[in-house]
Amino acid sequence: MVSINWYPGHMVKARREIEKNLKMVDIVLLLLDARAPLSCRNIDLERLGGRKRIIMVFNKMDLAQPGSSKKYARQLEQEGFAVASINSLNGQGRKKVLQLIIDAFGEQADKMRARGRRLRAVRVMVAGVPNVGKSTFLNCMVGKKVAQTGAKPGVTRGQQWIRVRDDIEFMDTPGLMWPKIENHTQGKKLALLNIVGENAYNEYEIAIFLLEVLKDKKPDILLEKFKIEDVNIHNEELLEQISIRRGHLLKEGRPDTAKTCKLLLQDFRQGKLGALSLD
Ligand SMILES: Nc1nc2c(ncn2[C@@H]2O[C@H](COP(=O)(O)OP(=O)(O)O)[C@@H](O)[C@H]2O)c(=O)[nH]1
Ligand SMILES: [Mg+2]
């Protein structure tokens, strides 16, 4: 099992903050990593949302295999969620997300109009696991830099609304939530996606897991990029061969597998192994 060293204090605080913020929004937009949307889900948050509309957005679509994303999008749609995919780095898919927000607010907007009330902008809270791209997504939706990306979650300032259009505003602090880890494989996926924090897992174990995924889904990467002749060998041997092919050697000439593990994880996370889905 990937042992996860959580900090319960932070988790409790984050949950309380989400609960408080939920009262102020119409819609929760749950950001999921398109490479493992189901593993990033958080039933706890879905419950906290109560009867509020939840929109599921697969972020980092550029890094996922389209067939896999489609399959899970359909599955979530069958569960009754609105689903869209986006690449927050270039804005691909942005329009559909805006449309889903307007659609999800439609019924409530009609009610407000019927009661003769002035229509206000729909309020949206973005939520998701660490590193899923909440800040990047917010900046993408707004069209300018309003949230710091790649940084550790910061201290919450006073509540502010970020206007995306006249009819849509986002809460400026995304709801940070930790994934609920139900099993060993999910834990490994979340570690590989850089969601659980590097102190919580063993790089060797996660790199071996990545090799297994590659063997299964993209053996071409092993054959062509790493010049492996036969992928049907033991994982340890495969790792050593990759070390040698990439020139990761210790002084005595032995393969430096620790270095290779680190770089394999980095390559995957930077998209250098191409689109690769985990779920
Ligand atoms: N390839 C790709 N990377 C993304 C996308 N969205 C965010 N990222 C990257 O994911 C990392 C984490 O993003 P950030 O917005 O800081 O995540 P947060 O912790 O959820 O706020 C950063 O390195 C972003 O550049 C995307 O759609 N595609
Ligand atoms: Mg952030």
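Here the structure is a predicted model, which is why all the values come from computation and not from measurement.

Novice: Which residues make up the overall build of the protein chain, and what values do they have?
Specialist: When its secondary structure is counted, the protein chain shows eleven helices and seven strands. A compact globule built from 279 residues should have a C-alpha radius of gyration of about 19 Å, and the protein chain, at 21 Å, falls within 12% of that. On the principal axes, the C-alpha backbone points of the protein chain span a range of 80 × 40 × 35 Å. The burial tally for the protein chain puts 47% of its 279 residues in the buried class. The contacts in the protein chain between residues at least 6 apart in sequence include a share of 68% that link residues at least 24 apart. With the model as given, the accessible surface of the protein chain reaches about 14,600 Å², and the carbon-plus-sulfur share is 48%. Treating the 48 positive side-chain charges of the protein chain as one cloud and the 33 negative ones as another, the clouds have centres 8 Å apart.

Novice: Tell me about helix 11 (residues 257-269), and name the residues and values.
Specialist: Taking 1.5 Å of rise per residue, 13 residues should cover 18 Å, and helix 11 covers 18 Å from first to last C-alpha, within 8% of that figure. Of all the residues in helix 11, the buried ones are T260, C261, L264, L265, D267 and F268. Summarising the axial view, the buried residues of helix 11 lie within an arc of 160°, below the 170-degree limit, and thus occupy one face. Taken from the residues just after helix 11, G271 is the one with a positive phi, measuring 80°.

Novice: How would you explain the pattern of salt bridges if you had to name every residue and give the values?
Specialist: For the coordinates displayed, the defined rule picks out 14 salt bridges. We note a salt bridge from R15 to E19, for which the minimum N-O separation is 3.5 Å. Here R15 pairs with E19, and both are found in helix 1 (residues 8-22), just four residues apart, close to one helical turn. For E19, a relative accessible area of 35% puts it in the partly exposed group. Taking the shortest distance from any N to any O, the salt bridge between K262 and E203 comes out at 3.3 Å. You can see K262 sitting in helix 11 and its partner E203 sitting in helix 8 (residues 203-217), a full 59 residues away along the chain. With a relative accessible area of 46%, K262 lands in the partly exposed category. One network of salt bridges, with partners in common, ties together R15, E19 and D44.

Novice: Report on the domain arrangement of the protein chain, specifying residues and quantitative values.
Specialist: Each assigned domain of the protein chain is listed here: domain 1 (8-176) and domain 2 (202-269). On a C-alpha basis, the centroid separation for the pair domain 1 and domain 2 is 36 Å.

Novice: With reference to specific residues and values, describe the site of ligand 1.
Specialist: Within the structure, ligand 1 sits among 15 residues, and D62, S88, K134, T136 and G150 are positioned closest to it. S88 has a polar backbone atom sitting 2.8 Å from an oxygen atom of ligand 1. Protein burial of ligand 1: of its 590 Å² of free accessible surface, 80% is covered by the chains. The element best represented in the shell around ligand 1 is helix 6 (residues 134-142), accounting for three residues. Tallied by class, residues from the shell around ligand 1 come to three nonpolar, nine polar and three charged.

Novice: Let's hear about the packing of helix 10 (residues 235-245) against helix 11: which residues, and what values?
Specialist: Taken N-terminus to C-terminus, the directions of helix 10 and helix 11 make an angle of 90°; their axes are 9 Å apart at the nearest point. Relative to helix 11, the element helix 10 is oriented roughly perpendicular. Every residue of helix 11 that contacts helix 10 at L239, E240, I242 and S243 is listed here: T257, T260, C261 and L264. Here the residues of the contact of helix 10 with helix 11 sort into four nonpolar, three polar and one charged.

Novice: How would you sum up the packing of aromatic side chains? Please name residues and give values.
Specialist: For the coordinates displayed, the defined rule picks out one aromatic pair. When the ring of F137 is compared with that of F170, the centres are 6.3 Å apart and the planes differ by 70°; the resulting orientation is edge-to-face. In this pair, F137 is assigned in helix 6 and F170 in strand 6 (residues 168-171), connecting sequence segments 33 residues apart. Neither F137 nor F170 differs from the other in exposure class; each is buried. The ring centre of W161 lies 5.4 Å from the NZ or CZ of R123, which sits over that ring.

Reading the values: rules and limits
Residues numbered from 1 in each chain as written. Chains lettered and ligands numbered in written order. Predicted model: local features only at pLDDT ≥ 70, side-chain atom pairs only at ≥ 80, totals over all residues. Heavy atoms only, no water. Helix = DSSP H or I, 4+ residues; strand = E, 2+ residues; numbered from the N terminus. Rg over C-alpha atoms; globule rule 2.2 N^0.38 Å. Buried < 20%, exposed > 50% of the residue type's maximum accessible area, 1.4 Å probe, protein only. Contact = heavy atoms within 4.5 Å. Areas by Shrake-Rupley, 256 points an atom, 1.4 Å probe, with all protein chains shown as cover. Lys, Arg positive; Asp, Glu negative; His and termini not counted. Charge placed at Lys NZ, Arg CZ, Asp CG, Glu CD. Expected span 1.5 Å × (residues − 1). Arc of directions from axis to C-beta. Salt bridge = Lys/Arg side-chain N within 4 Å of Asp/Glu carboxyl O. Domains from an automatic or database assignment. Near = heavy atom within 4 Å. Polar contact = N/O pair within 3.5 Å; in protein donor to acceptor, adjacent residues only side chain to side chain. Nonpolar A, V, L, I, M, F, W, Y, C, P; charged D, E, K, R; others polar. Axes fitted to C-alpha atoms, helices over the stretch in contact; angles between N-to-C directions. Parallel < 35°, antiparallel > 145°, perpendicular 65-115°, else oblique. Phe/Tyr/Trp six-rings, centres within 6.5 Å; stacked < 30°, edge-to-face > 60°. Lys NZ or Arg CZ within 6 Å of the ring centre and 35° of its normal.

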